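Observations on the three-dimensional arrangement
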Number of protein chains: 2
Amino acid sequence: MKARIFVTLKGGVLDPQGRAIHHALDGLGFGGVNDVRAGKLIELDLADDTSDEDIDAMCRKLLANTVIENYRIEKVA
Amino acid sequence: MKARIFVTLKGGVLDPQGRAIHHALDGLGFGGVNDVRAGKLIELDLADDTSDEDIDAMCRKLLANTVIENYRIEKVA
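Criteria and thresholds
- Residues numbered from 1 in each chain as written.
- Chains lettered and ligands numbered in written order.
- Predicted model: local features only at pLDDT ≥ 70, side-chain atom pairs only at ≥ 80, totals over all residues.
- Heavy atoms only, no water.
- UniProt positions renumbered as here; feature names shortened; annotations may be inferred.
- Helix = DSSP H or I, 4+ residues; strand = E, 2+ residues; numbered from the N terminus.
- Rg over C-alpha atoms; globule rule 2.2 N^0.38 Å.
- Buried < 20%, exposed > 50% of the residue type's maximum accessible area, 1.4 Å probe, protein only.
- Contact = heavy atoms within 4.5 Å.
- Areas by Shrake-Rupley, 256 points an atom, 1.4 Å probe, with all protein chains shown as cover.
- Least-squares fit on C-alpha atoms with pLDDT ≥ 70 in both.
- Salt bridge = Lys/Arg side-chain N within 4 Å of Asp/Glu carboxyl O.
- Pairing = 2+ DSSP bridges.
- Buried area = accessible area lost by both parts, 1.4 Å probe.
- Polar contact = N/O pair within 3.5 Å; in protein donor to acceptor, adjacent residues only side chain to side chain.
- Nonpolar A, V, L, I, M, F, W, Y, C, P; charged D, E, K, R; others polar.

The name given to chain A in an unreviewed UniProt entry is Phosphoribosylformylglycinamidine synthase subunit PurS, and the organism recorded there is Sphingobium psychrophilum. In its Sequence similarities (unreviewed entry) section, the UniProt entry covering chain A states "Belongs to the PurS family."

See below:
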């Protein structure tokens, strides 16, 4: 079983990496960029009997810093 | 217009970050993890008239290192 975890910064949290990407895109001449937010995509290859609770616990304990980040779990067939 | 860019390492490319996450998950007692691959999720807030070619050029020129990374563009309404 595969699962994808999308980790993104919560709204209002400063995103220096996104700012740097935005600045670089402007520098390359891409004018139409209003905002950039950088996040993480973690692809897990899991044993078939891994429960949703286990995946959620992995996110809360390690994959996302829930103080400043949101996470979304997408199970892939 | 919003677009999401998913940047992942190509198959066969060593993923030290994924290894480290895998090792940490094992250490936390999550046994059923076969493999972990870490990637980037970049959320772009773009002007409505931004063309697909422009978004693709942003990926090839900056957001992804096309030698070792794949990228996938997902436009969000």
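Describing the overall build of chain A
Helix and strand counts for chain A come out as two helices and three strands. Compactness check: chain A gives a C-alpha radius of gyration of 16 Å against a globular reference of 11 Å for 77 residues, more than 25% above the reference. Each principal axis of the C-alpha distribution contributes one length, and for chain A these read about 50 × 25 × 15 Å. Taking all 77 residues of chain A together, 36% fall into the buried category. Pairs at least 24 residues apart make up 69% of the contacts formed inside chain A by residues separated by at least 6 positions. In the structure as shown, chain A presents an accessible area of about 4,200 Å², 50% of it carried by carbon and sulfur atoms.

Concerning the relation of the copies chain B and chain A
Rotating chain B by 180 degrees about the axis while translating it 0.0 Å along that axis superimposes it on chain A, leaving an RMSD of 0.0 Å. Such a combination of rotation and displacement between the chain copies is what one expects of a two-fold axis. The position closest to the rotation axis in chain B is occupied by the C-alpha of Lys40 of chain B, lying 2.3 Å away.

Remarks on the pattern of salt bridges
One pass over the full model with this rule turns up 14 salt bridges over all chains. Residues joined in a network through salt bridges with shared partners are Arg4, Glu43, Arg72 and Glu74 of chain A.

A look at the pairing of strand β1 (residues 2-9) of chain B
The two faces of the sheet receive side chains in turn, since in a regular strand these alternate between them. Residue and element names in this part refer to chain B. The element β1 is extensively covered by neighbouring structure, given that six of its eight residues are classed as buried. As defined by bridge partners, β1 adjoins strand β2 (residues 33-46) across six bridges and the pair is classed as antiparallel. Counted as the bridge partner of Val7 is Lys40 from β2. With eight bridges connecting them, β1 and strand β3 (residues 69-76) associate as antiparallel partners. Considered in β3, the bridge of Val7 is made with Tyr71.

Some remarks on the interface of chain B and chain A
Size of an interface, as often reported, equals the accessible area lost when the parts are brought together. Counting residues at the interface gives 30 residues for chain B, matched by 30 residues for chain A. When the two sides are added together, the surface that chain B and chain A hide from each other amounts to roughly 2,600 Å², 68% of it contributed by carbon and sulfur. For the pair chain B and chain A, the interface holds zero salt bridges. Our enumeration of links across chain B and chain A arrives at ten residue pairs in polar contact (both at pLDDT 80 or more). Secondary-structure elements contributing two or more residues to the side of chain B that touches chain A are β1, α1 (16-27), β2 and α2 (52-63) of chain B. A per-element tally of the side of chain B that touches chain A places β2 of chain B first, with 14 residues. Per-class residue counts for the side of chain B that touches chain A are 18 nonpolar, five polar and seven charged. Of the strand pairs in this sheet, strand β2 (residues 33-46) of chain A and β2 of chain B are connected by 13 bridges, and their pairing is antiparallel. Residue pairing across strands places Gly39 of chain A opposite Leu41 of chain B, the latter belonging to β2 of chain B.

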